[in-house]
Amino acid sequence: MMRGKWAQGLEPRMFTWIVRDRLAGSERPGGYARNHRKVRRLEELIWLARNGFTHVVSLLASTHNLKAYEEAQIPATQVPLARASSELAESLVEVYGVLGGLLDDPAACVLVHEEEFGDRLAGVLAGYLLYAGLIDSPPQAITVVEQLIGWQMGPPGRELVVLTHGEGIRRARP
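An account of the accompanying structure is given in this report. (Residues numbered from 1 in each chain as written. Predicted model: local features only at pLDDT ≥ 70, side-chain atom pairs only at ≥ 80, totals over all residues. Heavy atoms only, no water.)

## Here's the deal with the packing of aromatic side chains
Next up, step 1: Following the criterion strictly, the structure yields nine aromatic pairs and no others.
Next up, step 2: Where Phe-15 meets Trp-17, the ring centres are 5.2 Å apart and the plane angle is 85°; that geometry is what we call edge-to-face. A single burial state applies to Phe-15 and to Trp-17, both of which are buried.
Next up, step 3: Three or more aromatic residues joined by ring pairs make a cluster, and in this case those are Phe-15, Trp-17, Trp-47 and Phe-53. (Phe/Tyr/Trp six-rings, centres within 6.5 Å; stacked < 30°, edge-to-face > 60°. Buried < 20%, exposed > 50% of the residue type's maximum accessible area, 1.4 Å probe, protein only.)

Below, the structure is given as structure tokens:
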């Protein structure tokens, strides 16, 4: 049994609320690539569970961490974010559809991650704000997410936001 401050878990690195208490982003729990540590992953999963996260959405092409989420009893969905430009629009439709479906539940609290929290994840999160109708324009979505993450989004992220807008990827309203 864990005791002391570790029993509370550790907040995932680069953790950022995009929609307070509903949607957040971070790097992959446990760290990315060679920095990944199973103990840290466990501590971060404890933190997610203790802080009310109801679902994790992995944008990785690999199945890294999926078994760990299952063991921690945190439901998870893998929706690989395409790397090829020709496949990105279709990939974003799938990612946003999954996020929208999960967040339809008013009790849902979702963490989205890629390997590390970089421009692509920032772009997906800003694009989701457009998709969901929470923000009206790409520049506004980019600015809001930049303020939340504390750094300027580079071209890969901005391109995802522009693609979301340019392709008219929007949530269908009843």
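## Here's the deal with the nonpolar core
As a rule of thumb, nonpolar side chains are buried together in soluble globular proteins.
Next up, step 1: With 37 residues, the main nonpolar core has Leu-23 and Val-112 as its most contacted residues.
Next up, step 2: For this core, the secondary structure elements donating two or more residues are helix H3 (85-103), strand S5 (110-114), helix H4 (119-131), helix H5 (138-149) and helix H6 (155-166).
Next up, step 3: Looking at this core, the element that brings in the most residues is H4, giving nine residues.
Next up, step 4: Excluding residues within four positions of it along the chain, Leu-23 makes contact with Thr-16, Trp-17, Ile-18, Leu-99, Leu-103, Val-110, Val-112, Leu-125 and Tyr-128.
Next up, step 5: Grouped together as the second largest cluster of nonpolar side chains are 13 residues, Leu-45, Leu-48, Val-56 and Cys-109 included. (Core = buried A, V, L, I, M, F, W, Y, C linked by side-chain atoms within 4.5 Å. Helix = DSSP H or I, 4+ residues; strand = E, 2+ residues; numbered from the N terminus. Contact = heavy atoms within 4.5 Å.)

## A closer look at H3
Next up, step 1: With 19 residues, H3 should reach 27 Å at 1.5 Å per residue; the first-to-last C-alpha distance of 27 Å fits that figure.
Next up, step 2: Along H3, the sharpest kink reaches roughly 25°, centred on Ser-91.
Next up, step 3: Considered for burial, the residues of H3 that qualify are Leu-88, Ala-89, Ser-91, Leu-92, Val-95, Tyr-96, Leu-99, Gly-100 and Leu-103.
Next up, step 4: On its buried side, H3 packs onto strand S2 (23-27), strand S3 (55-58), S5, H4 and H6. (Expected span 1.5 Å × (residues − 1). Bend = angle between axes of the 7 residues up to and from the residue.)

## Re the side chain of Glu-27
Next up, step 1: Note that Glu-27 resides in strand S2.
Next up, step 2: A distance of 2.5 Å separates the side chain of Glu-27 from the side chain of Arg-40, its partner in a polar contact.
Next up, step 3: The residues contacting Glu-27, other than those within four sequence positions of it, are Arg-13, Met-14, Tyr-32, Arg-40, His-113, Glu-114, Glu-115, Glu-116 and Phe-117. (Polar contact = N/O pair within 3.5 Å; in protein donor to acceptor, adjacent residues only side chain to side chain.)

## Overview of the sheet that holds S5
The strands making up a sheet associate through hydrogen bonds between their backbones, and the pairing can be parallel or antiparallel.
Next up, step 1: Strand order in the open sheet formed by five strands is S1-S2-S5-S3-S4, and the pairing between neighbours is mixed. Either end of the sheet is taken by a strand with one partner, and the two such strands are strand S1 (16-19) and strand S4 (76-78). Strand-to-strand twist in this sheet, taken as the mean axis angle between neighbours without regard to direction, amounts to 25°.
Next up, step 2: Alignment of S3 against S5, held across four bridges, turns out to be parallel. (Pairing = 2+ DSSP bridges. Axes fitted to C-alpha atoms, helices over the stretch in contact; angles between N-to-C directions.)

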